[in-house]
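Chains, contacts and geometry: an overview
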Amino acid sequence: MDILETHAYDKRKRRNMSCALFVSLLPFFLSSALYLYLWTPDTKASLMTAGVKSAPALLLAAVVLSWKGGQSVMGVAGGLVFSAVGDCCLVWPELFLHGMGAFAVAHLLYSLSFLSSRYTAYTSSFTRFLYLILTVFGGGFYIYLFPFLQKAPDSHLLTPGVGIYVLLITLMAALAFRTHHVPTLLGSLSFVVSDASLALQVFNVVQPGQYGHIVVMVTYYLAQLLIAVGDVKAEENTDDFSKWKRS
């Protein structure tokens with residue numbers, strides 16, 4: 001098999017994988033659309049609401065498990081399961097701390113996955129600069145939230161809890177930068193945007209507004225999708241981040 005045949009074979013293999021992956025993601029797209037269609041500001045907290053809200057993350061976990069097997073249980077698949085638990089908890093405002101804890105575990109599992117040998121480490125002055133930006137943003141955002149956290153109920157738990165959570169999501173995003181995977185990077189950034197939007201609304205920094213919840217959920221579902229796809233393709237195209245950076 002000459003080099004042209006090998007290239008054509010690899011191209012067909014990647015195309016077939018992309019098609020199969022897209023088909024396996026269809027239940028996620030449908031369940032996400034269903035939740036966004038059914039949700040209204042007057043939606044009552046219920047087991048049905050929790051189930052519909054958490055279904056997309058669980059379906060993504062099933063996709064990652066089907067492609068990566070048991071190795072993903074302590075990685076992205078496990079993080080998606082804990083995210084689904086967090087989704088359920090956040091349906092009831094009184095379970096906010098429990099939901100934040102579940103998402104904190106999810107970020108730890110994502111971080112462990114990004115540190116695995118399936119993800120190629122990429123370090124340069126550019127990525128170090130991005131680490132600095134993330135650190136400044138995370139620290140600055142927590143300082144900005146601090147007076148609002150002090151006014152919240154259970155502030156003695158929320159204030160340190162949110163601080164730890166900001167640290168963990170910043171770490172997760174920083175580790176995503178050191179991979180060569182654009183979906184992983186964009187997914188982590190979308191997660192940061194989603195959580196920042198949620199925090200501003202939950203802690204009464206800004207009024208939720210008509211589309212506040214939609215912004216949070218669209219960026220959240222997009223984040224989970226990109227992180228899951230990045231994990232499935234973690235052994236492919238290991239130079240896609242560097243190519244993107246050069247373009």
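As annotated in an unreviewed UniProt entry, the protein carries the name lysoplasmalogenase and comes from Oryzias javanicus.

Before going further, it helps to spend a moment on the overall build of the protein. Helix and strand content of the protein: 9 helices and 0 strands. When the helices and strands of the protein are listed from N to C terminus, the series reads α-α-α-α-α-α-α-α-α. With 247 residues in all, the protein has 46% of them scored as buried. Counting only contacts in the protein whose residues sit at least 6 apart along the sequence, the fraction spanning at least 24 positions is 77%.

Once that is clear, we can look at the packing of aromatic side chains. Summed over all chains, the structure comprises 13 aromatic pairs. Summarising the aromatic geometry, the rings of Phe 191 and Tyr 220 are spaced 5.6 Å apart at their centres and angled 80° between planes, so their arrangement reads as edge-to-face. Placement of the pair is Phe 191 in helix 7 (residues 182-202) and Tyr 220 in helix 8 (residues 212-232), with a sequence separation of 29 residues. Judged by centre distance (5.4 Å) and plane angle (45°), the rings of Tyr 220 and Tyr 221 are tilted. Tyr 220 sits in the buried class, given a relative accessible area of 4%. The exposure class assigned to Tyr 221 is buried, which follows from its relative accessible area of 4%. Three or more aromatic residues link up through ring pairs in this structure, and these residues are Phe 22, Phe 28, Phe 29, Tyr 35, Phe 103, Phe 191, Tyr 220 and Tyr 221. For Lys 151, the ring lying beneath its charged end belongs to Phe 148, and the centroid distance is 5.7 Å.

This part covers a nonpolar patch on the surface. Together, Phe 22, Val 23, Leu 26 and Phe 29 make up an exposed nonpolar region whose accessible area comes to about 350 Å². With respect to the helices, strands and loops of the structure, Val 23 is situated in helix 1 (residues 3-38).

Moving on, we get to the pattern of salt bridges. Evaluation of the coordinates by the stated rule reveals 1 salt bridge. Asp 231 serves as the salt-bridge partner of Arg 118, at 2.7 Å between the closest nitrogen and oxygen. Residue Arg 118 is found in the loop between helix 4 (96-114) and helix 5 (125-151), and its partner Asp 231 is found in helix 8; the two are separated by 113 residues along the sequence. A residue is classified by how much of its surface remains accessible, and Arg 118, at 13% relative accessible area, is buried.

As annotated by UniProt and renumbered to match this structure, "transmembrane region" (unreviewed entry) occupies residues 20-39, 45-65, 72-93, 99-117, 129-145, 157-177, 184-205 and 211-229. The straight-line gap between the two end C-alpha atoms of residues 20-39 is 30 Å; of that span, 95% is helix and 0% is strand. Along residues 99-117 one finds 84% helix and 0% strand; the C-alpha atoms at either end are 30 Å apart.

In this model, helix 7 (21 residues) spans 30 Å end to end at C-alpha, consistent with the 30 Å of a helix rising 1.5 Å per residue. Positive backbone phi, approximately 60°, marks Asn 204, located one or two places after helix 7.

In this section: the packing of helix 3 (residues 76-90) against helix 8. Packing of helix 3 against helix 8 brings their axes to within 10 Å, and their N-to-C directions diverge by 165°. Put simply, helix 3 runs roughly antiparallel to helix 8. The two elements helix 3 and helix 8 meet at a crossing, and its hand is left-handed. On the side of helix 3, the interface is formed by Val 76, Leu 80, Ser 83 and Asp 87, while helix 8 contributes Tyr 220, Gln 224, Ile 227, Ala 228 and Asp 231. Across the contact of helix 3 with helix 8, the residue classes tally to 5 nonpolar, 2 polar and 2 charged.

In this section: the environment of Met 217. Among the structural elements, Met 217 can be located in helix 8. Met 217 gets classed as buried once you look at its relative accessible area, which sits at 3%. As for Met 217 and Ser 197, which are separated by 20 residues in sequence, their C-alpha atoms are 9.8 Å apart. Here Met 217 is in contact with Tyr 35, Leu 36 and Lys 53, once residues within four sequence places are set aside.

On to helix 5. With 27 residues, helix 5 should reach 39 Å at 1.5 Å per residue; the first-to-last C-alpha distance of 40 Å fits that figure. The axis of helix 5 is deflected most strongly, by about 40°, at Leu 145, and proline Pro 147 appears within four residues downstream. Regarding helix 5, the residues found buried are Thr 127, Leu 130, Leu 134, Gly 138, Phe 141, Tyr 142, Leu 145 and Leu 149.

This part takes up the confidence of the model for the protein. Overall, the predicted model of the protein reaches an average pLDDT of 88, with 89% of residues at or above 70. Confidence drops under pLDDT 50 across residues 237-247; counting only partners more than four residues distant or on other chains, this segment forms 25 contacts.

Here is what the cut-offs are and how they apply
- Residues numbered from 1 in each chain as written.
- Predicted model: local features only at pLDDT ≥ 70, side-chain atom pairs only at ≥ 80, totals over all residues.
- Heavy atoms only, no water.
- Helix = DSSP H or I, 4+ residues; strand = E, 2+ residues; numbered from the N terminus.
- Buried < 20%, exposed > 50% of the residue type's maximum accessible area, 1.4 Å probe, protein only.
- Contact = heavy atoms within 4.5 Å.
- Phe/Tyr/Trp six-rings, centres within 6.5 Å; stacked < 30°, edge-to-face > 60°.
- Lys NZ or Arg CZ within 6 Å of the ring centre and 35° of its normal.
- Patch = residues over 30% accessible without salt bridge, like charges linked within 9 Å, V, L, I, M, F, W, Y side chains within 5 Å.
- Areas by Shrake-Rupley, 256 points an atom, 1.4 Å probe, with all protein chains shown as cover.
- Salt bridge = Lys/Arg side-chain N within 4 Å of Asp/Glu carboxyl O.
- UniProt positions renumbered as here; feature names shortened; annotations may be inferred.
- Expected span 1.5 Å × (residues − 1).
- Axes fitted to C-alpha atoms, helices over the stretch in contact; angles between N-to-C directions.
- Parallel < 35°, antiparallel > 145°, perpendicular 65-115°, else oblique.
- Left-handed = near helix turned anticlockwise from the far one by under 90°.
- Nonpolar A, V, L, I, M, F, W, Y, C, P; charged D, E, K, R; others polar.
- Bend = angle between axes of the 7 residues up to and from the residue.
- pLDDT = per-residue confidence, 0-100.

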